[in-house]
Amino acid sequence: MGEEARSGRLPGGLPHETPREVTPGEILRLVLGVLVLLLVVDLLLVALDARLPINRTGHLLRAKWTLLETAAPERRVDWLVLGDSSGNQGVDPTRIRELTGLESLNLCTVGACLAVDDAWMLERWLDTRPAPDKVILIHVYDVWRRAEMGNSCLVNLPLDREQIEAARPAIELSSGKRRKILTFRWLPLLMQHESLSVMLRDPARFAANRSHLDELGFDHQDRADPERVRRNMAEHLAENRVTPPELSALNRAALTRIAELCAAREIELVIAFAPILDEMAELPEFRDYLARVAAPLETFAAEHPKVRLVFREPMRFSATELETVDHVVGAAARRYTDELVRQIGD
Amino acid sequence: MLFNSTAFVTFFLVVYLGYLLLRRRLAAQNLLLLVASYWFYGSWDLRFLFLISLSTAIDFVCGLMIDRGHLSRGERWKSGLFVVLTGLGCLVVDWPALLAGRSGEMLSADPLMWRCLAGVTAVTGVFLLLHRRLSALPEERRRRLFVSLSVISNLGLLAVFKYFNFFADSLVTLLGGLGLQLHPVTLQVVLPVGISFYTFQTMSYTLDIHRRQLAATPSLLDFALFVSFFPQLVAGPIERARNLLGQVTAPRRITAKAVHAGLFLILWGYFKKVVIADNMALIADQVFNGYEHYQGLDLVLGAIAFAFQIYGDFSGYSDIARGLAKLMGFELMVNFRLPYFALDPSDFWSRWHVSLSSWLRDYLYIPLGGNRRGPGRTYLNLTLTMLLGGLWHGASWNFVLWGAFHGLILVVYRLLGVESYHRDGRPTARGWHLAAKMATMFGLTLIGWILFRCHSLAQVIAVFGGLGFGSSPESAGFARDLLFFVTPLLLVQIAQQRSRDLLVLAHLRPGPRILAYTAILVLICIFGVRAASEFIYFQF
């Protein structure tokens, strides 16, 4: 108990509050000044985001769409690889060329885009460029059950509202989703705070976490994270226990659209399961779940003559070769690509 | 309803708009604030609201009986109806069923609730019947009776809802150690948020009246608002009736000066809560919850993170509460005065949770004799006061240990005759000597925080045993985040300490002030933890 405090006297050593005399006008100017400055900061971040996307999903989506849009009109590829981020860092077109002499392009984006973005990208490619011989569709098992495109995909897609609404399969943009897209794009200070936080607190981690895409769209990642892999496995298993394994209506529509586009041009469609953590793949509960995810895909493949499913038994990797349960790094990507080529060849 | 939630922001804006529309109509403003405060508190659990109304009614009656010796007929009926009706509304009416029109389910089926209501109604009836005889008691006897009734009922509420299980368990453990086996009797009660704050606040009212330092208020509405004023209801500052009640009963003026200071306090309070406290919690929780896996420097960093977490959390709440009050023309007491700049334990308690430390000083330490009965008794009084101060925080031995530790260092500093300030308030030390004194006190504070944060004796032993400077792969990340978040706080606090003005940023010229406020808002937007997390001190 302070002597001074006990005597009821505030000692000179202690800080106190001295409110200053202000006018209401001064407060108004202060509030307006702060709001204007916040707006300036926000607009600077919008400009920064346009040059250097603040988050990894945005970076990847824009880079892949740019790769698609900037490919020369006469460019022909033998294999066009579509899918989610497991394919993005799992399928190396350079390795495919080494093994087969074939040209390929990796346009895999993120799982939050479902197979819908794959259909849109394929249509765009076929509208402007020669058809490939094969379309390879790589997805993690849990993408097939997702019913809606995730916000992280919608807000980062470099497409405007009209383009999204005109694309097929069509998706419904609720007013909430439209608002989300607008705020995400125009209020990064509020909406992209997690990415900004990592960028400012830990620039090295931010840089390491970005995509390292080569000119053929392969994302070179080389940092395994066994701890994260195990956490991710627990998340997957927990989610699998509460979410039924099914092929969602939107994914079925996207798959049907892709199959139609392929059939119209005599393209073979290969659906492949992503790599997976060996510990998880060995669990009976996971194997059972995976079998139930694969069943409708097998039926779909059986119903369409030029569609087939490979990696019915997903290729397994140890935690030291993975970033998450389904994202391979370093040499593991090469092994996955090799096996993909082998299975397609078979 | 948490300050750091959109629900609260909406709630406050609606209440504030109504408050401004009712300006110059004091009674209507007070009624609005009372309804808003009860809404705010009832949003946690409607049953808690009954406790606060019970405490309000008891202290309202006790205050008048101590001061005046009787209640007018209107006062008697108002206070009786108030407690019975709130009991009815909070304990036995099932509001969701009532609003949904399910007439068969609109009354509670819990017999305990009915018994509580019946008990309160019976006690109210007995009081009404005995009022005349109680009024006729000799003055001193009556004053003693009613101040005791106030203290016992408030401490009784605390004893039942906060401490019963703790003492019952401790007794069983103690007797078990002596070979006597008892079946523990525990109550299935939920701790009502902020109960320690409002019970202490209402007790100060009757104690001050008993000391003839305050006149009892005849307005139940004003008194109920004094007890439940929502900005400071659940985590303080613990206001004195001498300060707050006068502001409730007299017309208030909202000045530009107060609004300006209030806006800064709200901004700075949110910064301390969502940027400092919530980010420091990520480190502190990781280290203390998984203490078996951490050693050396990680434990030190975890303790430092907790020091800033609890400071940011509690002082942030106080700042927001005081800022909101200022916007409405109220002036609440300063609760924190840069405690980590303290030079000794006595200085620390002049800066940390000032509303509690001054309450303990005025209503416990001084009545025990303070320092007027020789050194030995002073040390005993200090230790006892700090022990009870520790126990105030929670029904757990770690809080008692924390209080005992602070009592001990207060005594040791006194024994050593450490004088940190001249009579005029200037520090006795300068330069490195001053920094060393500050660092020593911060180190001692950290020891206290470890006791405070640990949940068991085994954890205390493990954490103290593991402290050191050996690093792990995680140390660099902890240190980086600590530095990153604490640096802006410390920069502002150094300016506050040097200028001896907690509103130093509000004194900047307009341009730099706009820049500083924007920077704080940008930091809140980017680094603020969005998931609204509870303030630590709500549990006390």
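Whatever comes next refers back to the structure up there.
Residues numbered from 1 in each chain as written. Chains lettered and ligands numbered in written order. Predicted model: local features only at pLDDT ≥ 70, side-chain atom pairs only at ≥ 80, totals over all residues. Heavy atoms only, no water.

Asks: Just checking my understanding: could you explain the overall build of chain B for this structure?
Replies: Helices and strands together make up the secondary structure of chain B, namely 20 helices and zero strands. The dimensions of chain B, computed from C-alpha atoms along their principal axes, are 70 × 70 × 55 Å. Every one of the 540 residues in chain B was classed for burial, and the buried ones make up 57%. Within chain B, counting contacts between residues at least 6 apart in sequence, those at least 24 apart form 75% of the total. Summing over all exposed atoms, chain B offers an accessible surface of approximately 22900 Å²; the carbon and sulfur share of this is 68%. In chain B, the 46 positive side-chain charges and the 29 negative ones have mean positions that sit 10 Å from each other. (Helix = DSSP H or I, 4+ residues; strand = E, 2+ residues; numbered from the N terminus. Buried < 20%, exposed > 50% of the residue type's maximum accessible area, 1.4 Å probe, protein only. Contact = heavy atoms within 4.5 Å. Areas by Shrake-Rupley, 256 points an atom, 1.4 Å probe, with all protein chains shown as cover. Lys, Arg positive; Asp, Glu negative; His and termini not counted. Charge placed at Lys NZ, Arg CZ, Asp CG, Glu CD.)

Asks: How should I be thinking about the overall build of chain A in this particular structure?
Replies: Within chain A one finds 17 helices and nine strands. Of all 346 residues assigned to chain A, the portion counted as buried reaches 53%. Excluding contacts between residues fewer than 6 apart, the proportion of contacts in chain A whose partners are at least 24 apart in sequence is 82%. About 15100 Å² of surface is accessible on chain A, with carbon and sulfur atoms providing 55% of the total.

Asks: Where do I start with helix H15 (residues 374-393) of chain B in this structure?
Replies: Along an α-helix, residues three or four positions apart point the same way, because every turn accommodates 3.6 residues. For H15 of chain B, spanning 20 residues, the distance from its first C-alpha to its last is 29 Å, which sits close to the expected 28 Å at 1.5 Å a residue. Residues of H15 of chain B that are buried sit in contact with helix H7 (139-177), helix H8 (195-210), helix H13 (345-349), helix H14 (354-365), helix H16 (397-416) and helix H17 (431-453) of chain B. (Expected span 1.5 Å × (residues − 1).)

Asks: Would you mind going over the pairing of strand E3 (residues 134-139) of chain A with me for this structure?
Replies: Residues and elements named next belong to chain A. Extensive coverage of E3 is indicated by the burial of six of its six residues. Of the two faces of E3, the one lined by Lys-134, Ile-136 and Ile-138 and the one lined by Val-135, Leu-137 and His-139 are each fully buried. Two elements, strand E1 (residues 79-83) and E3, share five bridges in a ladder whose sense is parallel. Bridge pairing in E3 links Gly-83 to Ile-138. For E3 and strand E4 (residues 268-273), the ladder comprises six bridges, and the chain directions are parallel. Within E4, the residue paired with Val-135 across the bridge is Leu-269. (Pairing = 2+ DSSP bridges.)

Asks: Where do I start with a nonpolar patch on the surface in this structure?
Replies: Residue and element names in this part refer to chain A. Together, Leu-39, Leu-43, Leu-182, Trp-186, Leu-187 and Leu-190 make up an exposed nonpolar region whose accessible area comes to about 590 Å². For the nonpolar patch, the elements supplying multiple residues, two or more each, are helix H2 (24-51) and helix H9 (175-186). Tracing the sequence through the fold places Leu-182 in helix H9. (Patch = residues over 30% accessible without salt bridge, like charges linked within 9 Å, V, L, I, M, F, W, Y side chains within 5 Å. Salt bridge = Lys/Arg side-chain N within 4 Å of Asp/Glu carboxyl O.)

Asks: Before we go on, may I ask you to explain the environment of Val-93 of chain B in this structure?
Replies: Residue and element names in this part refer to chain B. By the element assignment, Val-93 lies in the loop between helix H4 (73-92) and helix H5 (95-99). For Val-93, a relative accessible area of 19% corresponds to the buried category. Taking the C-alpha atoms as reference, Val-93 lies 9.7 Å from Ala-109; in sequence the two are 16 residues apart. Those residues in contact with Val-93 that lie beyond four places of it in its chain are Leu-88, Leu-98, Met-106 and Leu-107.

Asks: Please explain the interface of chain B and chain A as it appears in this structure.
Replies: Much of the literature gives interface size as the accessible area that the parts lose upon coming together. Between chain B and chain A, the residue contacts involve 56 residues of the former and 39 residues of the latter. A combined buried area of about 4200 Å² lies between chain B and chain A, and 63% of that area is made up of carbon and sulfur atoms. Area buried by chain B at its contact with chain A is led by Lys-257, Arg-500 and Ile-526 of chain B, which between them contribute 15% of it. Salt-bridge contacts for Asp-202 of chain A lead to Arg-480 of chain B; the nearest nitrogen and oxygen are separated by 3.1 Å. At the junction of chain B with chain A, the criterion picks out 10 residue pairs in polar contact (both at pLDDT 80 or more). Listing elements by their share of the side of chain B that touches chain A, those giving two or more residues are helix H11 (256-289), helix H12 (296-327), H13, H14, H15, H16, helix H19 (475-499) and helix H20 (510-527) of chain B. Taken together, the residues that form the side of chain B that touches chain A break down as 28 nonpolar, 12 polar and 16 charged. (Buried area = accessible area lost by both parts, 1.4 Å probe. Polar contact = N/O pair within 3.5 Å; in protein donor to acceptor, adjacent residues only side chain to side chain. Nonpolar A, V, L, I, M, F, W, Y, C, P; charged D, E, K, R; others polar.)

Asks: For this particular structure, what's the right way to read the side chain of Glu-268 of chain A?
Replies: Residues and elements named next belong to chain A. Here Glu-268 shows up in strand E4. For Glu-268, a relative accessible area of 17% puts it in the buried group. Residues in contact with Glu-268, not counting those within four places in the same chain, are Asp-133, Lys-134, Val-135, Lys-306 and Arg-308.

Asks: Just to check I follow, could you spell out the pairing of E1 of chain A for this structure?
Replies: The side chains of a regular strand alternate, residue by residue, between the two faces of the sheet. Residue and element names in this part refer to chain A. With five of five residues buried, E1 is to be regarded as a mostly interior element. Residues Trp-79, Val-81 and Gly-83 point to one face of E1 and Leu-80 and Leu-82 to the other, with burial holding for every one of them. By the bridge criterion, three bridges tie E1 to strand E2 (residues 104-106) in an arrangement that is parallel. Within the sheet, the bridge partner assigned to Leu-80 lies in E2 and is Leu-105.

Asks: It is not clear to me how a positive patch on the surface should be interpreted in this structure. Could you clarify?
Replies: Taken together, the side chains of Arg-205, Arg-223, Arg-228 and Arg-231 of chain A define a basic patch exposed on the protein surface. Mapping Arg-205 of chain A onto the fold places it in helix H12 (residues 203-208).

Asks: Before we go on, may I ask you to explain the packing of aromatic side chains in this structure?
Replies: Aromatic ring pairs are described here by two measures, namely the spacing of the ring centres and the angle between the planes. By the definition in use, this model includes 57 aromatic pairs over all chains. Here the aromatic rings of Phe-8 of chain B and Phe-40 of chain B are separated by 5.9 Å at their centres, their planes lie at 70 degrees, and the arrangement is edge-to-face. Taken together, the positions of Phe-8 of chain B in helix H1 (residues 6-21) and Phe-40 of chain B in helix H2 (residues 26-42) put the pair 32 residues apart, joining distant regions of the chain. Here the aromatic rings of Phe-12 of chain B and Tyr-16 of chain B are separated by 5.4 Å at their centres, their planes lie at 15 degrees, and the arrangement is stacked. In this pair, Phe-12 of chain B and Tyr-16 of chain B both sit in helix H1, four residues apart, roughly one turn of the helix. The residues Phe-12 of chain B and Tyr-16 of chain B share a single accessibility class, namely buried. A cation sits over an aromatic face here: Arg-129 of chain A above Trp-125 of chain A, 5.3 Å from the ring centre. (Phe/Tyr/Trp six-rings, centres within 6.5 Å; stacked < 30°, edge-to-face > 60°. Lys NZ or Arg CZ within 6 Å of the ring centre and 35° of its normal.)

Asks: Even after reading the chapter, I still don't get the state of the cysteines, so can you show me in this structure?
Replies: Joining two cysteines, a disulfide is a covalent bond between their sulfur atoms. Per the stated rule, a full pass over the model turns up one disulfide over all chains. Across a sulfur-sulfur distance of 2.1 Å, Cys-113 of chain A and Cys-153 of chain A are joined as a disulfide pair. Handedness here is read from the sign of the S-S torsion; for Cys-113 of chain A and Cys-153 of chain A, about 105 degrees, the answer is right-handed. With Cys-113 of chain A in the loop between E2 and helix H6 (116-128) and Cys-153 of chain A in helix H7 (residues 151-154), this residue pair connects regions lying 40 residues apart in the sequence. You can call Cys-113 of chain A buried: its relative accessible area is 0%. Left unpaired, Cys-62 of chain B is separated from the closest cysteine sulfur, that of Cys-116 of chain B, by 19 Å. Classification of Cys-62 of chain B by relative accessible area gives buried; the value is 1%. (Disulfide = S-S within 2.5 Å.)

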